[in-house]
Amino acid sequence: MSTMTFGRAINTGLRKAMEHDSKVVLIGEDIGKLGGVFRITDELQKDFGAHRVIDAPLAESAILGTAVGMAYRGYRPVCEIQFDGFIYPAFNQIVSQVAKLHYRTQGRVKMPLTIRVPFGGGIGAAEHHSESPEAYFMHTSGLRVISVSNPQDAFAMIQQAIACDDPVLFFEPKRRYHVKGEVDEEVDLASFPLEQARVEIPGDDVTLVAYGALVQLAKDAALAAREEGLSVEVIDLRSLSPLDFATLEASVRKTGRLVITHEAAMTGGLGAEVAASITERCFYHLEHAPVRVTGFDIPYPPAKMEHHHLPDLDRILDGVDRALGRTNSLSDLEGN
Amino acid sequence: MRSVSGENLVQLLTPEGTRAAGPYDEWVADIDGARLQGLYEDMVVVRRVDQEATALQRQGELALWPPLLGQEAAQIGSGRALRKDDFVFSSYRENGVAYCRGADYTDMIRVWRGNAPSGWDPYEINMATPQVIIGAQALHATGYAMATKFDGADSVAVAYFGDGATSQGDVNEAMVFAASFQAPVVFFCQNNQWAISEPVTLQAQRDIADRAPGFGIPSVRVDGNDVLGCMAVTREALDRARSGGGPSFIEAVTYRMGPHTTADDPTRYRDPNELEDWKGRDPIDRLAKLLEAEGLLAGDFTDRVNAKADEVAGLLRHGCVTLPEPGELDVFNNVYTTPHPVLERQREHYSRYLASFEAAGGGKR
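None of the values given here were measured: they were computed from a predicted structure. (Residues numbered from 1 in each chain as written. Chains lettered and ligands numbered in written order. Predicted model: local features only at pLDDT ≥ 70, side-chain atom pairs only at ≥ 80, totals over all residues. Heavy atoms only, no water.)

### Focus on the overall build of chain B
Now for step 1: Per the secondary structure count, chain B includes 14 helices and eight strands.
Now for step 2: Expected size for 365 residues packed as a compact globule is a radius of gyration near 21 Å; at 22 Å, chain B falls within 12% of this value.
Now for step 3: The principal-axis extent of the C-alpha atoms belonging to chain B is close to 75 × 50 × 40 Å.
Now for step 4: Put simply, chain B has 365 residues, and 55% of those count as buried.
Now for step 5: Looking at chain B as shown, the accessible area adds up to about 15000 Å², and 50% of this sits on carbon and sulfur atoms.
Now for step 6: Charge-centre separation for chain B: the mean point of 35 positive side chains lies 4 Å from the mean point of 52 negative side chains. (Helix = DSSP H or I, 4+ residues; strand = E, 2+ residues; numbered from the N terminus. Rg over C-alpha atoms; globule rule 2.2 N^0.38 Å. Buried < 20%, exposed > 50% of the residue type's maximum accessible area, 1.4 Å probe, protein only. Areas by Shrake-Rupley, 256 points an atom, 1.4 Å probe, with all protein chains shown as cover. Lys, Arg positive; Asp, Glu negative; His and termini not counted. Charge placed at Lys NZ, Arg CZ, Asp CG, Glu CD.)

### Focus on the pairing of strand β3 (residues 157-162) of chain B
Residues and elements named next belong to chain B.
Now for step 1: Judged by how many residues are buried, β3 sits mostly within the fold: five of six residues are covered.
Now for step 2: Of the strand pairs in this sheet, strand β2 (residues 87-89) and β3 are connected by three bridges, and their pairing is parallel. Looking at β3, one finds that V88 is bridged to V158.
Now for step 3: Across six bridges, the pairing between β3 and strand β4 (residues 185-191) is parallel. Counterpart to F161 in the pairing with β4 is C189.
Now for step 4: Handedness of the crossover joining β3 and β4 through helix α7 (residues 169-180) is recorded here as right-handed. (Pairing = 2+ DSSP bridges. Right-handed = clockwise from strand over helix to strand, strands pointing away.)

### Here we look at helix α8 (residues 214-227) of chain A
Residue and element names in this part refer to chain A.
Now for step 1: Taking 1.5 Å of rise per residue, the 14 residues of α8 would be expected to cover 20 Å, and the 20 Å separating its terminal C-alpha atoms lies within 8% of that figure.
Now for step 2: Of the positions making up α8, those classed as buried are L214, V215, L217, A218, A221, A222 and A225. Relative to the axis of α8, the buried residues are bounded by an arc of 155° and lie together on one face. For α8, exposure combined with an orientation more than 90 degrees from the buried face picks out R226 and E227. (Expected span 1.5 Å × (residues − 1). Arc of directions from axis to C-beta.)

### Brief notes about the domain arrangement of chain B
Now for step 1: Domain boundaries assigned for chain B yield domain 1 (13-322) and domain 2 (330-361).
Now for step 2: Taken over C-alpha atoms, the centre of domain 1 of chain B sits 40 Å from the centre of domain 2 of chain B. (Domains from an automatic or database assignment.)

### Structural notes on the sheet that holds strand β9 (residues 198-201) of chain A
Residues and elements named next belong to chain A.
Now for step 1: If you trace the five strands from one edge of the open sheet to the other, you get β9-β11-β10-β13-β14, paired in mixed fashion. Unpaired on one side and paired on the other, β9 and β14 (291-295) mark the two borders of the sheet. Neighbouring strand axes in the sheet, compared pairwise and without regard to direction, differ in orientation by 25° on average.
Now for step 2: Sheet analysis places strand β13 (residues 258-265) next to β14, joined by five bridges and oriented parallel. Residue pairing for β14: T261 is matched across the bridge by V293.
Now for step 3: Across the sheet, helix α10 (residues 270-282) lies against β13 and β14, angled at about 155° from β13, the strand it touches most. (Axes fitted to C-alpha atoms, helices over the stretch in contact; angles between N-to-C directions. Contact = heavy atoms within 4.5 Å.)

### Thoughts on the UniProt feature "domain: Dehydrogenase E1 component" (unreviewed entry) in chain B
Now for step 1: In this structure's numbering, the residues bearing the UniProt feature "domain: Dehydrogenase E1 component" (unreviewed entry) are residues 42-309 of chain B.
Now for step 2: In residues 42-309 of chain B, the share of helix is 47% and the share of strand is 12%. The end C-alpha atoms are 9 Å apart. (UniProt positions renumbered as here; feature names shortened; annotations may be inferred.)

### So, the nonpolar core
Now for step 1: If you look at the biggest cluster of nonpolar residues, it comprises 83 residues, and the most contacted ones within it are A:L64, A:Y72, A:L169 and B:F187.
Now for step 2: Here this core takes eight residues from helix α3 (residues 60-72) of chain A, the largest share from any one element.
Now for step 3: The contact partners of A:L169, leaving out residues within four places of it in the chain, are A:I87, A:I94, A:I115, A:V117, A:F137, A:L143, A:R144, A:V145 and A:I146.
Now for step 4: With 69 residues, the next largest nonpolar core counts B:M43, B:L68, B:A237 and B:L238 among its residues. (Core = buried A, V, L, I, M, F, W, Y, C linked by side-chain atoms within 4.5 Å.)

### So, the UniProt feature "domain: Transketolase-like pyrimidine-binding" (unreviewed entry) in chain A
Now for step 1: In this numbering, the UniProt entry assigns the feature "domain: Transketolase-like pyrimidine-binding" (unreviewed entry) to residues 4-179 of chain A.
Now for step 2: Between the end C-alpha atoms of residues 4-179 of chain A the distance is 8 Å, and the span holds 36% helix and 18% strand.

### Some details on the pattern of salt bridges
Residue and element names in this part refer to chain A.
Now for step 1: Applying the stated criterion across every chain yields a total of 45 salt bridges over all chains.
Now for step 2: Residue E172 pairs with R116 through a salt bridge whose shortest N-O separation is 2.6 Å. Of this pair, E172 sits in strand β7 (residues 168-173) while R116 sits in strand β5 (residues 114-119), placing them 56 residues apart in sequence.
Now for step 3: Look at E172 and you get buried, because its relative accessible area is 0%.
Now for step 4: Several salt bridges converge on common partners, so that one network encompasses D153, R198, E200, K219 and R238. (Salt bridge = Lys/Arg side-chain N within 4 Å of Asp/Glu carboxyl O.)

### What about unusual backbone geometry?
Residue and element names in this part refer to chain A.
Now for step 1: The omega angle of the peptide bond from S241 to P242 is 0°, so this bond is cis rather than trans.
Now for step 2: Within the secondary structure, P242 sits in the loop between β12 (239-241) and α9 (245-255).
Now for step 3: Non-glycine residue D30 carries a positive phi angle of around 65°.
Now for step 4: Of note, D30 is situated in the loop between β2 (24-28) and α2 (44-48).

### A few points about the confidence of the model for chain B
Now for step 1: For chain B, the average pLDDT comes to 95, and 97% of its residues sit at 70 or higher.
Now for step 2: The ipTM for the predicted assembly is 0.94, set against a pTM of 0.95. (pLDDT = per-residue confidence, 0-100.)

### Remarks on empty space enclosed by the protein
Now for step 1: According to the stated counting rule, one finds three cavities of 30 Å³ or more in the structure shown.
Now for step 2: Looking at the largest cavity, its volume works out to about 90 Å³.
Now for step 3: Contributing to the lining of the largest cavity are 14 residues, with A:F119, A:S132, A:Y211, A:A213 and A:E263 lying nearest its centre.
Now for step 4: The element best represented in the lining of the largest cavity is β13(A), accounting for three residues.
Now for step 5: No fewer than three residues from each of domain 1 (2-191) and domain 2 (198-324) of chain A sit in the lining of the largest cavity.
Now for step 6: As a volume, the second largest cavity reaches approximately 50 Å³.
Now for step 7: Together, A:Y72, A:L101, A:R104, B:F89, B:S90, B:A128, B:T129, B:Q131, B:Q137 and B:H140 line the second largest cavity. (1 Å grid on protein atoms, 1.4 Å probe; cavity = no way out; pocket = protein on both sides within 12 Å on 5 of 7 lines; lining within 4 Å. Points joined across faces, edges and corners; volume = space filled by probe spheres on them.)

### So, the interface of chain A and chain B
Now for step 1: Between chain A and chain B, the residue contacts involve 47 residues of the former and 45 residues of the latter.
Now for step 2: Summed over both sides, the interface of chain A with chain B buries roughly 3700 Å², with 58% coming from carbon and sulfur.
Now for step 3: A per-residue breakdown of the area chain A buries against chain B is headed by A:Y72, A:R73 and A:Y103, which together make up 20% of the total.
Now for step 4: Our count for the chain A to chain B interface comes out at two salt bridges. (Buried area = accessible area lost by both parts, 1.4 Å probe.)

### Some words on the side chain of A:T66
Now for step 1: Its place among the elements puts A:T66 in helix α3.
Now for step 2: Relative accessible area serves as the criterion here: at 0%, A:T66 is assigned to the buried category.
Now for step 3: Apart from the residues lying within four places of it in its own chain, the contact partners of A:T66 are A:I27, B:L139, B:T142, B:G143, B:M146 and B:F177.

### Quick look at the layout of surface pockets
Now for step 1: By volume, the largest pocket amounts to about 640 Å³.
Now for step 2: Contributing to the lining of the largest pocket are 28 residues, with A:M138, A:E273, B:H340, B:V342 and B:Q346 lying nearest its centre.
Now for step 3: Contributing elements (two or more residues each) for the lining of the largest pocket: α6 (134-138), β12 and α10 of chain A together with α14 (341-359) of chain B.
Now for step 4: With six residues, α10(A) is the largest single contributor of residues to the lining of the largest pocket.
Now for step 5: The residue inventory of the lining of the largest pocket, partitioned by class, reads 14 nonpolar, ten polar and four charged. (Nonpolar A, V, L, I, M, F, W, Y, C, P; charged D, E, K, R; others polar.)

Take a look at the structure:
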């Protein structure tokens, strides 16, 4: 067991995956000598060579498109998208090619790509550097979508993503890169299946669902609520596609109340999917309509305004209040 | 200036059917009378495949077909230059190339009949299944070539695309990556003059082949209706790639004599005189003239070629009309390599739904 930052945990996981399988190659912008703008690939090119850690020209579609070609030849590329907002030029290759090639070739061609995406806000960045594009990819069949929230999960699940024969979008909450945590490097990877949510804090009154950077906020909210005598169950989704409905259903059947929080815009977002599916599956167990606490339906705002957009502790607690039917600022409005 | 003939166009066989001497001769020095006859047979057969598939579409047996009429020389010339261990990433019109790779005839029409998302196993014939998103495959070929280089192998990836694709970012990004990593890839552009209704002049203000040198990639323009010229320039490019010389770009100047697909009506946008003009440069006619002049177009040879074309057309038609219907739950297959709980649930729901009709004695509301 050792203590390391979230960023170092991913670096260590990448190193293990590269040692384990010589077909694992990394490709992305500035990932070589610089070690990536967030230093996630620090030292890897030095140790594995420029043919295993490939500094790419600045062309996201080409990073993904050439990775497709490498996968055709049996490689397991790990693509780094430098920032969330830069994934859009690669969107065509991801949704039209990476996601569909196994289906299109009737199972003959595998696309074991991992696409690492530092995502989300809260670091005071410029535009295009703080986005949460995960819902676009959840909506695309053939992809798996993961978001980790702590160093241990990051270490284990990046290796699981690389080992998976399906393409995986791996969303890393960039504002957590420097947060430290315990990592057991000898951990059994099989105990980190790619599609399992985890109950972070057990509780009985409300189910609070989060992923990525907001897991910590959700845990903080649960502690604050405890002081008011409330028992909030916090779930870290980890897998955004497929969603782990077994864990979600078990929790909602117990608590009868559901709050989902994410940074991404509300409309058509992950919260909508969780709310609709849980309502279908657990309607007679619900005491209140599911509540979403999300970013607004706006382009990501400038740094000095981002705190208005991002869910914070109080907005999450406010959502918990609404799920409990308590009176607050939004109580007289229909829906969210 | 763009041109369809002239000094910058490699041509080893003129429209009049005579051999034109040139520096590329050495690349086809081994093509003797028998091999010329082989190329002729290939072109006649793929034209027949095209005609049969077009007829099947008109008879309602295929939903769509993208004809290659007029592009036989570009596809056979280049396709017959490849080695078995080379890997092709094509667009949707390269049925002539697929024929060279040994694709099963039924596999060629499986997609167009709507029975399956793809035809063949890419690893069986070393050719990816047809790509509809314009230009995307240029990147796949480049990545495959990069991986080939990692492996230390001397096989080559070949990307086929049309003039329209050269406007796409992916084709240009592919050239950047291919040059940066000196990938053993050949970009084979069939400039057939039309991207559906958009003329090549909308895509390019200069010869398309002029672009590649700007990326650091050597390029050549070839008469795309000259099967020997196409074979020669492809062999040169493959040789460069195999010997560590990196990527090459070929612009084969040809003409799509038919519609873009069977759903298209080129009379709405094309001058009929243009088609007449290109008929004079027909790739099969010109090789026939050469064979004739050399006494190689004797009756028993043409009889044999026609019998082969008949046989292939018969196999294609039989394969098409006897293709089994896909299974009810096959739509759920191969989305993921490993079970996906949400999709498994949807499959289970649909399965139960279907079973409910059987339980009720069949028949939907």
